[in-house]
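This is what each chain is made of:
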Amino acid sequence: MKAIRRIFTWIVFPLILEMGVLFYINNVYLSTTTTFHITKVNSETDALKKTIKVNIPSGADSVEASYDGGYVSYLLNHQIIVVDTKTQGIKKVIAASNNIEYYTWLNDRNRIIYFYKTYSRGSEAIQLEAYDLDINNKIKIDKLIYAPRNSHIEDVTLSPLTNMIYINVVDSNGYSYLYRVDIMGQITNLKLPIKRIAKMYELQRKDVLLYESSNGIIRVIKNGGGYTFLSSGYSLIGTDSNDNVYVGKLNSNKKVVEIYYGSIDKSFKDWNHIKLNHAIDPDQVYILPKDNALTVTFDGKNLIDVNSGETITGSGDISGVNTNYIMYTHNNDVILKLQ
């Protein structure tokens, strides 16, 4: 009887522990319940302000906005300053035991994920934490990313639907190290056949990552493996909420002259494509997440819808887009304009 009890303990206890970690990552760290998610988006979308303006101090860096425009944030003195856009006052100062070097907002709730350096077992490591503004609560994962010494985080992608996070860490020699954090909290260092990742985008509904190397190769990471999607002559532009991928065909001057878009599961020859009237830089193409509108800018201020021809008049220089807003900067002001 004792032997049976010991066998039962050996089998069941690890299973319970594993399921506990899974529940924590899935339901606390990145995700909310389905009911909460639907209610939150529907109730707040109707009340989103059309224009929001926030003054940012000189020296601020990494200016971002929450998905609903409720908060604008920036890095100052290696701390995240979160401003309430309604009151124009500071809502929260997020600090860590070491300098925060990178952060990003989730695209469907008022939660920030941020990274800072720490040291463990004599090695340099990266700690991942999150802060939820709605419940004023810090969330910490007790697993570290052991990156090369003197490296820095260059880019992070995440999907609250798949609960996958990809982190591009660049070392002092300019080489990229790609880390994947999965739903179980397991951290995997993915081997790269290229020197450096120039840009990367993650699908929202499937665990698929696309990245462009510094020498112009577009690759896909899918089902635990990687392959080259396009070897030259194209630039990765982005993805939309329907998991369509957008790439720009380049001319001899590295300008986009045609835009292709479609599913990564289909052959590239079957993708849709649009010819542009004027060649532009790849970073002059924006996909607006709210309606998946494909837009371009020629002056860095106004956006032109490629399909309808309609123009969205800018309120300054375009600095980015999020789930609902186009973000502009003008002098020391950040202006959010509803898409």
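Residues numbered from 1 in each chain as written. Predicted model: local features only at pLDDT ≥ 70, side-chain atom pairs only at ≥ 80, totals over all residues. Heavy atoms only, no water.

A. Spatial organisation of the pattern of salt bridges. In the structure shown here, the tally under the stated rule is 13 salt bridges. Asp-265 serves as the salt-bridge partner of Lys-206, at 2.4 Å between the closest nitrogen and oxygen. Within this pair, whereas Lys-206 is found in the loop between β14 (197-202) and β15 (208-213), its partner Asp-265 is found in the loop between β20 (256-263) and β21 (272-280), the two being separated by 59 residues in sequence. A relative accessible area of 37% places Lys-206 in the partly exposed class. Lys-269 is the salt-bridge partner of Asp-270, the closest N and O atoms lying 3.6 Å from each other. Residue classification places Asp-270 among the partly exposed residues on the basis of a relative accessible area of 48%. When salt bridges that share partners are traced, they join Glu-101, Lys-117 and Glu-124 into one network. (Salt bridge = Lys/Arg side-chain N within 4 Å of Asp/Glu carboxyl O. Helix = DSSP H or I, 4+ residues; strand = E, 2+ residues; numbered from the N terminus. Buried < 20%, exposed > 50% of the residue type's maximum accessible area, 1.4 Å probe, protein only.)

B. Spatial organisation of unusual backbone geometry. Backbone geometry places Asn-77, a non-glycine residue, at a positive phi of 55°. Assignment of secondary structure puts Asn-77 in the loop between β3 (71-76) and β4 (79-84). The phi torsion at Asn-150 lies on the positive side, around 65°, for a residue other than glycine. Assessed through its relative accessible area of 55%, Asn-150 is described here as exposed.

C. How the structure looks around the sheet that holds β20. Strand order in the open sheet made by the four strands is β18-β19-β20-β21, with antiparallel pairing throughout. Strands with a single pairing partner mark the edges of an open sheet, and in this sheet they are β18 (234-239) and β21. Across this sheet, the average inter-strand angle for adjacent strands is 25°, counted without regard to direction. Of the pairings in the sheet, the one linking β20 to β21 comprises five bridges and is antiparallel in character. Residue pairing in the sheet places Tyr-261 in a bridge with Asn-272 of β21. (Pairing = 2+ DSSP bridges. Axes fitted to C-alpha atoms, helices over the stretch in contact; angles between N-to-C directions.)

D. Just the side chain of Ser-176, in detail. Structurally, Ser-176 can be placed in strand β12 (residues 176-181). Engagement of the side chain of Ser-176 in a polar contact is seen with the side chain of Asn-168, the distance being 2.9 Å. What Ser-176 contacts, discounting residues up to four positions off in sequence, is Asn-168, Val-169, Val-170, Leu-192, Lys-195, Arg-196 and Ile-197. (Polar contact = N/O pair within 3.5 Å; in protein donor to acceptor, adjacent residues only side chain to side chain. Contact = heavy atoms within 4.5 Å.)

E. Representation of the packing of aromatic side chains. For the structure on display, the rule yields nine aromatic pairs. A network of ring pairs unites the aromatic residues Phe-229, Tyr-234, Tyr-260, Phe-268 and Trp-271 as a single cluster. We note Lys-195 situated over the ring of Tyr-175; from NZ or CZ to the ring centre the distance is 5.2 Å. (Phe/Tyr/Trp six-rings, centres within 6.5 Å; stacked < 30°, edge-to-face > 60°. Lys NZ or Arg CZ within 6 Å of the ring centre and 35° of its normal.)

F. Molecular detail of the confidence of the model for the protein. Looking at the protein, pLDDT values average 88 and 86% of them are 70 or higher. Between residues 1-28, whose pLDDT stays under 50, and residues either more than four places distant or in other chains, the model counts 24 contacts. (pLDDT = per-residue confidence, 0-100.)

G. Broad picture of the side chain of Ser-120. You can see Ser-120 is positioned in strand β7 (residues 111-120). Looking at Ser-120, its side chain comes within polar contact range of the side chain of Tyr-146, at 3.0 Å.

H. Expanded view of the nonpolar core. Counting residues in each nonpolar core, the largest one holds 18 residues, and the members touching the most others are Ile-113, Phe-115, Ile-153, Ile-165 and Ile-167. Every element with two or more residues in this core is listed here: β7, β8 (123-132), β9 (137-145), β10 (152-159), β11 (164-170) and β12. Other than its neighbours up to four places away in sequence, Ile-153 contacts Glu-101, Tyr-102, Phe-115, Ile-126, Ile-167, Asn-168 and Val-169. (Core = buried A, V, L, I, M, F, W, Y, C linked by side-chain atoms within 4.5 Å.)

I. Representation of the pairing of strand β6 (residues 100-105) within the structure. Within β6, five of the six residues are buried, leaving the element largely enclosed by the surrounding structure. As judged from the five bridges shared by β6 and β7, these two strands associate in the antiparallel manner. Counted as the bridge partner of Thr-104 is Ile-113 from β7.

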